[in-house]
2 protein chains.
Amino acid sequence: MEQIVECVANFSEGRRTEVVGEFVAAISSTDGVAVLGRESDVDHNRSVVSFAGEPAAVVEAAFAGIRVAAALIDMGSHTGQHPRIGAADVVPFVPLHNVSMDDCVRLARELGARVGKELQIPVFLYGEAALRDKYRRLADIRRGGYERLRECIELSDERRPDFGPRFLGSAGACAIGARDILIAFNVYLSTDDVAVARRIARAVRESSGGLPHLMALGLLVKGSAQVSMNLSNYRITSIHHAVEAVRQEAHSLGVAVEGSELIGLTPKAALAATAASYVQIDNFSLDRVLEIQLARHFGLDVE
Amino acid sequence: MEQIVECVANFSEGRRTEVVGEFVAAISSTDGVAVLGRESDVDHNRSVVSFAGEPAAVVEAAFAGIRVAAALIDMGSHTGQHPRIGAADVVPFVPLHNVSMDDCVRLARELGARVGKELQIPVFLYGEAALRDKYRRLADIRRGGYERLRECIELSDERRPDFGPRFLGSAGACAIGARDILIAFNVYLSTDDVAVARRIARAVRESSGGLPHLMALGLLVKGSAQVSMNLSNYRITSIHHAVEAVRQEAHSLGVAVEGSELIGLTPKAALAATAASYVQIDNFSLDRVLEIQLARHFGLDVE
């Protein structure tokens, strides 16, 4: 039976469209891989490419994307709002269909070994693929960014990579991992005071006592304060929980939510639950979604 | 290529579970038909059964359901909040997959002729299947309910049925039609004053100057005032538009929305748009829904 794995590759380039075009083409031209979504952010100076297919094809496409990004992006001159350590900054595998998390861990380690050896890029394994507990969290790998990592990768045993050289070149390092589906979205506030966004991020994120499975950062993007969030388990903390928490904190600080944006793809269950919460639907279940019933009974996808 | 049509049959019985069980069984035991959803409401004294399959099978199942309901439900003793004219009250066909609206019109007229002749039940064709313009709207067929129709079906040329006898027996009459996908949902208010629900319904519905493609009634259900709504074109007026309009009217009358319920099935696009509106997502499109991308690229349904 067909296996489908997703890869959500984050690259440190969101401004030079010709460079973005090159690593996207490297991925999309790989046989058996479909690009499901892509977007570039000028302020973050960052692009996210979501692609999927059979495991071997997806690993091949990821390697091709990393190779091209490493050749075209110079981390020494990269600037942007988002924390990052390398040209191909973060490359997670996500199990979608007939693929286990263990399979994804294996793919991450296989790709990591190859990137370390063939491209001579330091690789940190993270998430479910981490070999060291303290590197499970991406934030711990990226702390201080490219600049800090360059200083201490040779000196500190703690910051030794899992694969590749103990030396940071212009392509920087790469975090490769395995994780479950994650929802990434950003909320814009009615202020340009980044301190407000940071304060809200601290209040809502799990690591400082907020909502479980919610990561949040305060940034300044497009001239507005932005709370940039990742939901690592939308079944527990979904979009509406996060937005309500941000709205409440924002309100108490005298600012408003002006809009939000999704990054990459979102499972329909999260959207449906969010809609149900908003409309206060008491009797909601996915059984009420027409297309889910049609797929179940007739194997049919009706858009 | 497979054709799939949906039928959403409304029956005037929501209290006697053994009777409901009988007409549901008549439908679900028809070869080639899948029941996608069903629900019964005690206050409305009404059940809705959604089923789908190949056109011929769905017509057969609809006929079987109408036959059983007509035999077991006595409209002379029926009471309930919802407007109704017969045991099998409303039976629309909805095109879902490789089926046109014209096909559904043809199915409705075919079933109508058969119900009129074989079951001797007066049939009014409505919606896209209507033969007379003034019967396109269900509300115009049901005005005054079973009781009023019984008085004037013989006398008034206006109320002559399209098929069947000009006489109302204990099974009443049946409105059979063709329509596009419709979203039915009810909003409960923090009051037991049905006049408030009626006032809100008048303010929000199209027929009295409210939102396009929105029908609304004020009812008293489960001891609460309820605004019962149908959205006949969710692409123009979706769930969130309707709920926001009701909330606003409710607020101006000093009452709140306490909850809501969906009846039958809802297309995922309506839920996704509602979620996007709630979270104020500026860059939303269905391309961002993971499962839609997987279906598009891999023909895969992942729940």
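Further up the page is the structure itself.
### Side note on the interface of chain B and chain A
And then number 1: In this assembly, 58 residues from chain B lie in contact with 58 residues from chain A.
And then number 2: Across the interface of chain B and chain A, roughly 5000 Å² is buried in total on both sides, 61% from carbon and sulfur atoms.
And then number 3: For the pair chain B and chain A, the number of links is zero salt bridges.
And then number 4: On the surface where chain B and chain A come into contact, there are zero residue pairs in polar contact (both at pLDDT 80 or more).
And then number 5: For the side of chain B that touches chain A, the secondary structure elements donating two or more residues are strand S1 (4–11), strand S2 (33–41), strand S3 (46–53), strand S4 (88–97), helix H7 (239–252), strand S10 (257–263), helix H8 (268–278) and helix H9 (290–298) of chain B.
And then number 6: A per-element tally of the side of chain B that touches chain A places H9 of chain B first, with nine residues.
And then number 7: Residue composition of the side of chain B that touches chain A, by class: 30 nonpolar, 13 polar and 15 charged.

### As for the nonpolar core
And then number 1: By size, the foremost hydrophobic cluster in this structure holds 100 residues, and its most contacted members are Phe185, Leu189 and Ile239 of chain A together with Phe185, Leu189 and Ile239 of chain B.
And then number 2: When sequence neighbours within four positions are dropped, the list of residues in contact with Ile239 of chain B reads Val279 of chain A together with Ile183, Phe185, Leu231, Leu262, Thr266, Ala270, Leu271 and Thr274 of chain B.

### Some points on the sheet that holds S2 of chain B
Residues and elements named next belong to chain B.
And then number 1: Spatially, the six strands line up as an open sheet ordered S2-S3-S1-S4-S6-S5, and their pairing is mixed. Of all strands in the sheet, those bounded by a partner on one side alone are S2 and strand S5 (123–127). Here the strands of the sheet are splayed against their neighbours by 20° on average, with no regard to which way each runs.
And then number 2: Strand direction decides the pairing type here: S2 and S3, joined by eight bridges, are antiparallel. Its bridge partner being in S3, Gly37 is matched across the sheet by Ser50.
And then number 3: Those strands touched by helix H3 (residues 101–118) are S1, S4, S5 and strand S6 (174–178), and its axis lies near 160° from that of S6.

### Section: the pairing of strand S7 (residues 183–189) of chain B
All names here are of chain B.
And then number 1: Burial analysis of S7 places seven of its seven residues in the buried class, the great majority of the element.
And then number 2: Alternating residues of S7 divide into Ile183, Phe185, Val187 and Leu189 and Ala184, Asn186 and Tyr188, and every residue in both groups is buried.
And then number 3: The sheet contact formed by S7 and S10 spans six bridges and is antiparallel. Paired with Leu189 across the bridge in S10 is Val257.

### Considerations on the packing of aromatic side chains
Residues and elements named next belong to chain B.
And then number 1: Evaluation of the coordinates by the stated rule reveals four aromatic pairs over all chains.
And then number 2: Where Phe11 meets Phe23, the ring centres are 4.0 Å apart and the plane angle is 25°; that geometry is what we call stacked. Taken together, the residues span a long stretch of sequence, with Phe11 in strand S1 and Phe23 in helix H1 (residues 17–28) at a distance of twelve residues.
And then number 3: A relative accessible area of 0% means that Phe23 is categorised as buried.

### Section: the sheet that holds strand S8 (residues 214–221) of chain A
Residue and element names in this part refer to chain A.
And then number 1: Pairing is antiparallel across the open sheet formed by four strands, whose spatial order is S8-S9-S7-S10. The sheet is open, and its two borders are formed by S8 and strand S10 (257–263), each paired with just one other strand. Recorded for the sheet is a direction-independent mean angle of 20° between the axes of neighbouring strands.
And then number 2: Pairing geometry for strand S7 (residues 183–189) and strand S9 (residues 224–231), over six bridges, is antiparallel. For Ile183, the partnering residue across the bridge sits in S9 and is Leu231.
And then number 3: Its contacts with the sheet place helix H7 (residues 239–252) against S7, S8, S9 and S10, and it is angled at close to 25° to S7.

### Remarks on empty space enclosed by the protein
And then number 1: Considering all chains together, one arrives at two cavities of 30 Å³ or more under this definition.
And then number 2: One number sums up the size of the largest cavity: a volume of about 70 Å³.
And then number 3: Lining of the largest cavity is provided by Lys268, Ala269, Leu271, Ala272, Leu286 and Val289 of chain A together with Lys268, Leu271, Ala272 and Val289 of chain B.
And then number 4: Of all elements in the fold, only helix H8 (268–278) of chain A together with H8 of chain B reach the threshold of two or more residues within the lining of the largest cavity.
And then number 5: Of the residues forming the lining of the largest cavity, the biggest block, four residues, is contributed by H8 of chain A.
And then number 6: Broken down by class, the residue content of the lining of the largest cavity amounts to eight nonpolar, no polar and two charged.

### A few points about the pairing of S6 of chain B
Every regular strand shows the same layout, with side chains that alternate between the two sheet faces.
Residues and elements named next belong to chain B.
And then number 1: Counting buried positions along S6 gives five out of five residues, so the element sits mostly inside the fold.
And then number 2: Here S6 shows no split at all, with Cys174, Ile176 and Ala178 on one side and Ala175 and Gly177 on the other all buried.
And then number 3: The sheet contact formed by S5 and S6 spans five bridges and is parallel. Following the sheet pairing, Gly127 is matched in S6 by Ala178.

### Observations concerning the environment of Glu60 of chain B
Residues and elements named next belong to chain B.
And then number 1: Here Glu60 shows up in helix H2 (residues 55–72).
And then number 2: Taking the C-alpha atoms as reference, Glu60 lies 16 Å from Val105; in sequence the two are 45 residues apart.
And then number 3: Sequence-distant contacts of Glu60, that is, excluding residues within four places in its chain, are made with Thr30 and Arg114.

Procedures and definitions
- Sequence positions are assigned chain by chain, starting from 1 and proceeding in written order.
- Ligands are numbered from 1 and chains lettered from A, in the order in which they are written.
- Side-chain atom pairs in this predicted model are given and counted only at pLDDT of 80 or more, local residue features only at pLDDT of at least 70, and totals for whole chains, interfaces and linings cover all residues.
- Only heavy atoms go into the side-chain values, all of them from the structure, while hydrogens and water stay out.
- Any pair of residues with heavy atoms lying within 4.5 Å of one another is described as a contacting pair.
- Buried area, as used here, totals the accessible surface that two parts lose on assembly, with accessibility defined by a 1.4 Å probe and the loss added over both.
- Definition used for salt bridges: Asp or Glu carboxyl oxygen within 4 Å of a side-chain nitrogen of Lys or Arg.
- We call two N or O atoms a polar contact when they sit within 3.5 Å, provided that within protein one can donate a hydrogen and the other can accept it, with sequence-adjacent residues counted only if both atoms are side-chain atoms.
- A run of H or I in DSSP counts as a helix once it spans at least four residues, and a run of E counts as a strand once it spans at least two, with each numbered from the N terminus.
- When residues are sorted by character, Ala, Val, Leu, Ile, Met, Phe, Trp, Tyr, Cys and Pro go into the nonpolar class, Asp, Glu, Lys and Arg into the charged class, and all the rest, Gly among them, into the polar class.
- Definition of nonpolar core: a set of buried residues of the types Ala, Val, Leu, Ile, Met, Phe, Trp, Tyr and Cys, connected through side-chain atoms within 4.5 Å.
- Burial here depends on accessible area, computed with a 1.4 Å probe over protein chains only, as a share of the maximum for the residue type. Under 20% is buried, over 50% is exposed, and the range in between is partly exposed.
- Strand pairing requires that DSSP identify at least two bridges connecting the strands.
- To obtain an axis, a line is fitted to C-alpha atoms, over the contacting stretch when the element is a helix, and the angle between two such axes runs from 0 to 180 degrees between their N-to-C directions.
- Think of it this way: a Phe, Tyr or Trp ring, Trp meaning its six-membered ring, pairs with another when their centres are within 6.5 Å, and the plane angle makes it stacked under 30 degrees, edge-to-face over 60, tilted otherwise.
- For cavity detection a 1 Å grid was placed over the protein atoms alone, and a set of points counts as a cavity when a 1.4 Å probe fits there but cannot get out; an open set counts as a pocket when protein lies on both sides within 12 Å along at least five of seven lines, with lining residues being those that have an atom within 4 Å of a point.
- Grid points are joined across faces, edges and corners, and a volume is the space filled by probe spheres set on the points.

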